Number of protein chains: 2
Amino acid sequence: MSNREDTKPDRISEAEYAVMEVLWDKSPLTAADVCDEVSKARGWSLATVKTLLGRLANKGAVETRPDGRRFLYSPIIARVEYVDGESRRLVDRLFGGRASSLFAHLAENEALSDKDISEIEALLQEIKQ
Amino acid sequence: MSNREDTKPDRISEAEYAVMEVLWDKSPLTAADVCDEVSKARGWSLATVKTLLGRLANKGAVETRPDGRRFLYSPIIARVEYVDGESRRLVDRLFGGRASSLFAHLAENEALSDKDISEIEALLQEIKQ
DNA sequence: TCTTAATGTTTACGTCCGTAATCGTAATGT
DNA sequence: ACATTACGATTACGGACGTAAACATTAAGA
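Residues numbered from 1 in each chain as written. Chains lettered and ligands numbered in written order. Predicted model: local features only at pLDDT ≥ 70, side-chain atom pairs only at ≥ 80, totals over all residues. Heavy atoms only, no water.

Draft legend 1. Region of interest: the domain arrangement of chain A. Domain annotation for chain A reports domain 1 (14-75) and domain 2 (79-128). Summarising the inter-unit geometry, the C-alpha centres of domain 1 of chain A and domain 2 of chain A are found 30 Å apart. (Domains from an automatic or database assignment.)

See below:
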């Protein structure tokens, strides 16, 4: 058994994330619907998708609501929550917890286009209002 | 066998990263020295450290230079290279490849302190020189 | 009613990871 | 010369992951 509402949440794996993405985009969905969607990107079998949905349910990441003889799946954790966790992990692990270091790194390594930079400038203005 | 100078580089795992960190800080080092250093943070046995060094050598992430009957280990891939790869992975996976989206996310979620923001402003000025 | 299709559950299996013990060999101390 | 030590290499082992087949159940069609 995985953890259930007391321990720290299990991490969502790469493959599981692909499933979450379709549920974040639209939910609730049946397993078959999720499979259809996710198969556009990865070419998984229905069996695989069902395994992933089951694991996500165990991890408390998705919720299952019975609909006749089948289930409708919906995300429990929000996308922003997940994205935030992952971002923070990266910043903590590689940049000593300093987000500005991440930013500096991106800037130095040409990872920021001119467009990125002007967008960020605009955001900064907004933040400081 | 892992990949050897033709395939895409194997990823460096979490535990392996801890070993790389000490080598990035100072190198070359013997396995025992790496163990001493890394044991400050994680409490690994020498055996574990040797396993990790071996795996890193196979992955082509560290280089071994014989020194008498033992090896001196040095990083092959640079820290900035690794950090850049990981950062890009995050941006690609979660932000559709747009670094400014990552920035926006951090800004919206209070992950940026006032200090972060002023540092970033300064960086922006510098970039645009 | 009997077969078939749909769906969740269980089991499978190779790989990677974290963590380490064991083995083989060579050096070093006595 | 022999025992001990220091290393690298090999093997181990449980858990997570990616990927999926097999199984059980139940609804629906013939």
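Draft legend 2. Local environment of the pattern of salt bridges. Inspection of the entire model under this criterion finds 22 salt bridges over all chains. Of the charged contacts, one joins Lys40 of chain A and Glu37 of chain A as a salt bridge, the two residues approaching to 3.1 Å between their closest N and O atoms. Taken together, the residues Lys40 of chain A and Glu37 of chain A, both in helix H2 (residues 31-41) and three residues apart, mark about one turn of the helix. By relative accessible area, Glu37 of chain A is classed as partly exposed at 36%. Across the salt bridge formed by Arg79 of chain B and Glu21 of chain B, the nearest N and O atoms sit 3.9 Å from each other. Residue Arg79 of chain B is found in helix H4 (residues 79-95), and its partner Glu21 of chain B is found in helix H1 (residues 14-25); the two are separated by 58 residues along the sequence. Accessibility expressed as a relative area gives 31% for Arg79 of chain B, which makes it partly exposed. With a relative accessible area of 36%, Glu21 of chain B lands in the partly exposed category. (Salt bridge = Lys/Arg side-chain N within 4 Å of Asp/Glu carboxyl O. Helix = DSSP H or I, 4+ residues; strand = E, 2+ residues; numbered from the N terminus. Buried < 20%, exposed > 50% of the residue type's maximum accessible area, 1.4 Å probe, protein only.)

Draft legend 3. Broad picture of the relation of the copies chain A and chain B. Structural alignment of chain A on chain B gives an RMSD of 0.1 Å, achieved by rotating through 180° and translating 0.0 Å along the axis. Taken together, these values place the two copies in the relation of a two-fold axis. Most of the interface of chain A is mirrored in chain B, where 100% of its interface residues are also at the interface. (Least-squares fit on C-alpha atoms with pLDDT ≥ 70 in both. Contact = heavy atoms within 4.5 Å.)

Draft legend 4. How the structure looks around the protein's contact with DNA strand D. Residues and elements named next belong to chain A. In the vicinity of DNA strand D there are 18 residues, among which Ser13, Trp44, Thr51, Arg55 and Arg69 approach most closely. Of everything in DNA strand D that lies within 4 Å of the protein, sugar and phosphate atoms constitute 69%. Within the side chain of Thr51, a nitrogen or oxygen atom sits 2.6 Å from a base nitrogen of DNA strand D. Take Lys59: an N or O atom from its side chain is 3.1 Å from a phosphate oxygen of DNA strand D. Tallying contributions element by element places helix H3 (residues 46-58) first for the surface near DNA strand D, with five residues. Taken together, the residues of the surface near DNA strand D sort by class into seven nonpolar, four polar and seven charged. (Near = heavy atom within 4 Å. Polar contact = N/O pair within 3.5 Å; in protein donor to acceptor, adjacent residues only side chain to side chain. Nonpolar A, V, L, I, M, F, W, Y, C, P; charged D, E, K, R; others polar.)

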